[in-house]
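# Report on the structure
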Amino acid sequence: MYRSQLPYGQRGVSMIALSAVDLALWDLAGKLTDQPVYNLVGGKVRSQIPCYLTAHESILNRVADEPFLGLKLAAPYGPADGYAEGLARTESMVARAREAIGDERELMLDCYMAWDKEFTVRAADRLRGYDIKWFEDALHPECVDQYADVRKRVSPIQIAAGNMEFGHKAFHQLLHTRAADILQPDLRWAGGLTEVQRIAEMAKPYGVPVVPHAPSIYSYHYAIANPNAPYAEFLGVFEDGQLTAPDTPVVGEPEPIDGFIELDDAPGFGVDLDRDRLRTYSA
């Protein structure tokens, strides 16, 4: 499947489709052997996975007391707002977030490829006093050389990158150019568990952690079996006053308890599709 993508590029939607097949095969292998997938890739290296929480500033007052190791905020302001206004609004948001969660927890920003080199460097200078752990996907994913330069200039704020990268070759480029402090492949996009295992092995000699992008049962099985994945992401929404995962057609995904995910020993990934929600595709 990977080789068949050569004529049109081993990226994008075709790689996402490949990821789905790869994850399905890991799930099948676990069910055939009556083993959870994390056992198939080496077994648990920790009993539970600490999580950071991803949220939007609109619910900042509601997530401030949630017991996670840190908070990652969407960063909706940037160069498109004008440098002065974008920086001012970003600082205002960060100041409110730091006040809300205190000084003991991590604070990160997800820029989702909306910043540029100048804005990122200026934002780092502007936010020095707020102890930001990382800027995530500040630049377009193909700006690897710029990432390498920006990483040096924004330190000690770290650069997290890779959630829109596909395949191990792209991550090798990030590692080789020392363009990122944290790699964030998405197991549902980057090539599945098989490819992310390759990425993790490449990252070990560089001392770069590989922390999966997005909350999912696939990310959790990877993280609990890999010492180089010290934590995982949880995206929270509020329903009936309670923080919970967004609605998905997957049944059985665990949710954090006191900021930690635990996995049982159910075979495969331990989840099922809500088949009542599936529709027959018609062109």
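Refer to the preceding data block for the structure.
These remarks concern the structure in this document. (Residues numbered from 1 in each chain as written. Predicted model: local features only at pLDDT ≥ 70, side-chain atom pairs only at ≥ 80, totals over all residues. Heavy atoms only, no water.)

### Brief notes about the nonpolar core
Operational definition: What is meant by a nonpolar core is a set of buried Ala, Val, Leu, Ile, Met, Phe, Trp, Tyr and Cys residues, joined one to another through side-chain atoms within 4.5 Å. Under the scheme applied here, a residue whose accessible area is under 20% of the maximum for its type counts as buried, over 50% as exposed, and between as partly exposed, the area being computed with a 1.4 Å probe on protein chains only. What makes two residues a contact is simply this: any of their non-hydrogen atoms within 4.5 Å.
Grouped together as the largest cluster of nonpolar side chains are 74 residues, with contacts concentrated most on Leu71, Leu109, Trp115, Phe135, Leu183 and Tyr222. Apart from residues no more than four positions distant in its own chain, Leu109 is found in contact with Lys72, Leu73, Ala75, Thr90, Met93, Val94, Trp115, Leu127, Trp134, Phe135 and Glu136. Tyr52, Met108, Ile182 and Tyr231 belong to the second-largest nonpolar core, a separate cluster that totals 7 residues.

### A look at the pairing of strand S2 (residues 70-74)
So the rule is basically this: Every helix listed is a DSSP run of H or I at least four residues long, and every strand listed is a run of E at least two residues long, numbered separately from the N terminus. Pairing between strands requires that DSSP locate at least two bridges from one strand to the other.
Most of S2 sits inside the fold, with 4 of its 5 residues counted as buried. The pairing of S2 with strand S3 (residues 106-110) spans 5 bridges and is parallel. Its bridge partner lying in S3, Lys72 is registered against Met108.

### Considerations on helix H7 (residues 167-176)
The line we're drawing: Arc, as used here, means the arc of the directions from the helix axis to the C-beta atoms.
Gly167, Ala170, Phe171, Leu174 and Leu175 are the residues of H7 that are buried. Buried residues along H7 cover an arc of 140° about the axis, so they all sit on one side. Turned more than 90 degrees off the buried face of H7, the exposed positions are Lys169 and His176. Where H7 terminates, the next one or two residues include Arg178, which has phi positive at roughly 50°.

### Comments concerning the environment of Met113
Structurally, the position occupied by Met113 is in the loop between S3 and helix H5 (117-126). Assessed through its relative accessible area of 24%, Met113 is described here as partly exposed. Separated by 23 residues in the primary sequence, Met113 and Glu136 have C-alpha atoms spaced 8.3 Å apart. Excluding residues within four positions of it along the chain, Met113 makes contact with Asp137, Ala138, Leu139, His140, Pro141 and Met164.

### Brief notes about unusual backbone geometry
The omega torsion across Ser155 and Pro156 is 10°, close enough to zero to call that bond cis. Mapped onto the fold, Pro156 is located in the loop between helix H6 (144-154) and strand S5 (158-161). For Asp137, which is not glycine, the phi dihedral falls at a positive 50°. Residue position: Asp137 is located in the loop between strand S4 (132-136) and H6. With a phi angle near 50°, Arg178 is a residue other than glycine that sits in the positive phi range.

### Structural notes on the packing of aromatic side chains
Here is the rule: Pairing of aromatic side chains here covers Phe, Tyr and the six-membered ring of Trp, requires ring centres within 6.5 Å, and sorts the geometry by plane angle: under 30 degrees stacked, over 60 edge-to-face, intermediate tilted.
Counted according to the given criterion, the structure contains 8 aromatic pairs. Look at Phe68 and Phe234: their rings are 6.0 Å apart centre to centre, the planes differ by 5°, and that puts the pair in the stacked class. Taken together, the residues Phe68 in the loop between helix H3 (60-63) and S2 and Phe234 in strand S7 (residues 232-235) connect sequence positions 166 residues apart. Each member of the pair, Phe68 together with Phe234, is buried. Ring centres of Trp115 and Phe135 lie 5.1 Å apart, and the angle between their planes is 75°; on these two criteria the pair is classed as edge-to-face. With Trp115 in the loop between S3 and H5 and Phe135 in strand S4, this residue pair connects regions lying 20 residues apart in the sequence.

### Digging into the packing of H5 against H6
Selection criterion: In this analysis, axes come from line fits to C-alpha atoms, helices being fitted only over the stretch in contact, and the angle between any two N-to-C directions falls in the range 0 to 180 degrees. Any angle that is under 35 degrees is reported as roughly parallel, and any over 145 degrees as roughly antiparallel; angles of 65 to 115 degrees are reported as roughly perpendicular and all others as oblique. Left-handed describes a crossing in which the near helix is turned anticlockwise from the far one by less than a right angle; the clockwise case is right-handed.
Where H5 contacts H6, the two axes come as close as 9 Å, and the packing angle between them is 15°. Comparing their axes, H6 and H5 come out roughly parallel. Where H5 crosses over H6, the handedness of that crossing is right-handed. Along its contact with H5, which presents Lys117, Thr120, Val121 and Ala124, the element H6 presents Gln146, Asp149, Val150, Arg153 and Val154.

Treat this as a map of the structure, not an account of what it does.
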